Amino acid sequence: MTKQCVLMQHGLNLIDYCNVGTCCYNHTNPKNYSSYDIDPVGCNACIDQENNNIKSYRQGANEKYGLLHNHRDPILLDFSPNSNCNLTCKICDERSSSSWAKLKQIKIHKNYNISIDKFKSTLKDVDLTNVKEINFTGGEPLLNNNMLKYLGTLENKIDFSNCTLRFSTNATVPLTAKISEFFLKFKLVLARFSIDDVNTGFEYQRYPATWNHCEANWQLFLNTMPHNVIPAINRTVSILNIRRLHLLDQWHTKYLQTRFNDPIELIDHFAFGNYSLDHIPMALKQDIQSNGSARAWNYVKEREPGHTIRLQTIIQQHDAMHNTLLKDFDPDLHKFIFQ
């Protein structure tokens, strides 16, 4: 059955040196598509979610906007203007985190951090009057008010009162009154908190964040956000937390609704790269089958076990850079990977 995606012809992406593409996962220029058919290579994030019975970005966009339009102008704008970030999460890398680049002593090309002038000139001749959703990624969007600087340049091109703002945050930057006031310009704000685990699990995976700080910022956000903001929890499922999904599930039960009675969802998506479930060791897969949750098993049962040598090397490298030890964080997981 053909899979179709409204973003293919009606999405506009500004990421990786300000190239124009389709969405935050697929950076191919819309002109390269002759139909709405989903690309099985560039769209693997959505395909992976759909294969695990999780609503994908593609499905959400199709439901919201439909597949038929009488224009070629973008209805959704994705952009990642810079990589400024204060964390070196183990599932991340230097392209999305300036802190990772600094730790690895890698110099990020200056064009990667898009200037306001470059941002304006790229969109100068693009008709954005039909844009109904803006997806802002990073880096950490709430760091140094970067989000306000870039979005502020779009106010005369997009009707914010009829537009949804979607962004993700790592929960280490508190919501300020200035940002809260800016949110009120939009019809709706979808704030996605990237929280993969709790307590020491969170701290191991999202170094050097602390769980108490994260939870305090989460609670502050819930207590001070405007009425038009709906928060959710984005969990990146990886080899590091696949055995621990139930812990964040339990924590989430304390936060099922906002004070405005809107639901707070916990949304799973999957890590790419070294910690992807596609590299799961056989011993870990067997443990999940015997002792893991039904959902964890559903996520890994169709995945072929991977080789552990590369995974072992990456874990050792990351532990050395972070001064952490997987064996201290999860002795059983260490055994399954290094036995």
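Shown above is the structure to which this text applies.
Residue numbering note: each chain is counted from 1, following its sequence as written. Since the coordinates come from a predicted model, pLDDT governs what is reported: local features require at least 70, and pairs of side-chain atoms require 80 or more to be given and counted, while whole-chain, interface and lining totals use all residues. Only hydrogens and water are set aside; all other atoms, that is, all heavy atoms of the structure, feed into the side-chain values.

Asks: Can you lay out the overall build of the protein chain for me, pointing to particular residues and giving the numbers?
Replies: A count of helical and extended segments in the protein chain gives 15 helices and eight strands. In this description the radius of gyration comes from C-alpha coordinates, and the expected globular size is given by 2.2 Å times residues to the power 0.38. Scaling as 2.2 N^0.38, a compact globule of 339 residues should have a C-alpha radius of gyration of about 20 Å, and the protein chain matches this with 20 Å. For the protein chain, the spread of C-alpha atoms along the three principal axes comes to 60 × 45 × 45 Å. Expressed as a percentage of its 339 residues, the buried residues of the protein chain come to 52%. Within the protein chain, counting contacts between residues at least 6 apart in sequence, those at least 24 apart form 73% of the total. Each accessible area is a Shrake-Rupley result for a 1.4 Å probe, and residues are judged covered by the shown protein chains and nothing else. Accessible surface, the protein chain as shown: approximately 15800 Å² in total, 48% of it carbon and sulfur. Strands are runs of DSSP state E lasting at least two residues, helices are runs of H or I lasting at least four, and both sets are numbered from the N terminus onward. Only protein chains enter the calculation, and the probe is 1.4 Å; a residue is then buried if its accessible area is under 20% of its type maximum, exposed if over 50%, and partly exposed in between. Contacts were defined at the residue level, with two residues in contact if any of their heavy atoms lie within 4.5 Å.

Asks: An account of the packing of helix α2 (residues 44–51) against helix α3 (residues 57–65) is requested, with residue identities and associated values reported.
Replies: Axes are the key here: two packed helices are described by the angle between their axes and the distance separating the axes. Only the contacting stretch of a helix is used when fitting its axis, a line to C-alpha atoms as for every element, and angles between N-to-C directions run 0 to 180 degrees. One way to put it is that α2 packs onto α3 with a least axis distance of 7 Å and a crossing angle of 90°. Relative to α3, the element α2 lies roughly perpendicular. On α3, the residues touching C46, Q49 and E50 of α2 are Y57, R58 and Q59. Residue polarity follows a fixed list, in which Ala, Val, Leu, Ile, Met, Phe, Trp, Tyr, Cys and Pro are nonpolar, Asp, Glu, Lys and Arg are charged, and the others, Gly among them, are polar. Split by residue class, the contact of α2 with α3 holds two nonpolar, two polar and two charged. Any angle that falls under 35 degrees is termed roughly parallel, while one over 145 is termed roughly antiparallel, one within 65 to 115 roughly perpendicular, and all others oblique.

Asks: Describe the pattern of salt bridges, naming the residues involved and giving the relevant values.
Replies: Where charged atoms from two side chains of opposite charge come close, those side chains can pair. By definition here, a salt bridge exists when the distance from a side-chain nitrogen of Lys or Arg to a carboxyl oxygen of Asp or Glu is within 4 Å. Counting across every chain of the model gives 20 salt bridges. For the salt bridge of D196 with R206, the shortest nitrogen-to-oxygen distance reads 3.0 Å. Of this pair, D196 sits in the loop between β6 (188–194) and α8 (199–205) while R206 is found in the loop between α8 and α9 (211–224), placing the two residues 10 residues apart along the sequence. Of the residues examined, R206 reaches a relative accessible area of 7% and is grouped as buried.

Asks: Would you mind going over the environment of I264 in detail, with residue names and values included?
Replies: Structurally, the position occupied by I264 is in the loop between α10 (245–252) and β8 (266–270). C-alpha separation for the pair I264 and P141, spaced 123 residues apart in sequence, amounts to 20 Å. Every residue in contact with I264, bar those within four places of it in the chain, is listed here: W218, L222, P231, A232, H252, Y255, L256, Q257 and T258.

Asks: Go over the packing of aromatic side chains, please, and point to the residues and values.
Replies: Note on ring pairs: Phe, Tyr and Trp rings are taken, using the six-membered ring of Trp, and paired if centres are within 6.5 Å. Classes follow the plane angle, with under 30 degrees stacked, over 60 edge-to-face and the rest tilted. The tally for this structure, following the rule as stated, stands at 16 aromatic pairs. A ring pair is formed by W218 and W251, whose centres lie 5.8 Å apart and whose planes are at 50°; its orientation type is tilted. With W218 in helix α9 and W251 in helix α10, the pair connects residues that are 33 residues apart, well separated along the chain. Here the aromatic residues F193, F202, W211, W218, F221, W251 and Y255 are joined through ring pairs into a cluster of three or more. Just above the ring of W100 sits the side chain of K104; from NZ or CZ to the centre is 5.0 Å. Remark: a charge is flagged as sitting over a ring if the NZ atom of Lys or the CZ atom of Arg is within 6 Å of the ring centre and within 35 degrees of the ring normal.

Asks: Give me unusual backbone geometry: which residues, what numbers.
Replies: Where the residue is not glycine, phi is negative for most of them; where a peptide bond is considered, it is trans in most cases. Along the chain, G138 connects to G139 via a cis peptide bond; the corresponding omega equals 10°. Within the secondary structure, G139 is located in the loop between β4 (133–136) and α6 (146–152). Cis geometry is adopted by the peptide bond preceding P208, which originates at Y207 and carries an omega value of 0°. Along the polypeptide, P208 turns up in the loop between α8 and α9. With a phi angle near 55°, N199 is a residue other than glycine that sits in the positive phi range. Within the secondary structure, N199 sits in helix α8. On the basis of relative accessibility, which here comes to 44%, the residue N199 falls in the partly exposed class.

Asks: Outline α10, supporting the account with residue identities and numerical values.
Replies: Along α10, the residues classified as buried are L245, L248, W251 and H252. Buried residues of α10, viewed axially, fall in a sector of 130°; they line one side. In this fold, the buried residues of α10 make contact with α9, β7 (229–237), β8 and α12 (294–300). To be clear, the arc concerns the directions from the helix axis to the C-beta atoms.

Asks: Could you give an account of α2, with specific residues and numbers?
Replies: Summarising burial for α2: six of the eight residues are buried, a large majority. Buried residues of α2: A45, C46, I47, D48, Q49 and E50, and no others. Once α2 ends, the next one or two residues include N53, with phi positive near 60°.

Asks: Tell me about the side chain of Q49, and please be specific about residues and values.
Replies: Within the secondary structure, Q49 is located in helix α2. Given a relative accessible area of 6%, Q49 falls into the buried group.

Asks: So what's going on with the nonpolar core? Residues and values would help.
Replies: If you look at the biggest cluster of nonpolar residues, it comprises 52 residues, and the most contacted ones within it are F79, I134, L151, L154 and F183. Take this core: its biggest share by element is five residues, from α9. Once residues within four sequence positions are removed from consideration, I134 is found in contact with L77, F79, L151, L154, I158, F160, C163, T164, L165, R166 and F186. In plain words, nonpolar cores are sets of buried Ala, Val, Leu, Ile, Met, Phe, Trp, Tyr and Cys residues tied together by side-chain atoms within 4.5 Å. One finds V237, F270, A283 and F336 within the second-largest nonpolar core, a separate group that totals 25 residues.

Everything listed is a geometric property; what it means functionally is a separate question.
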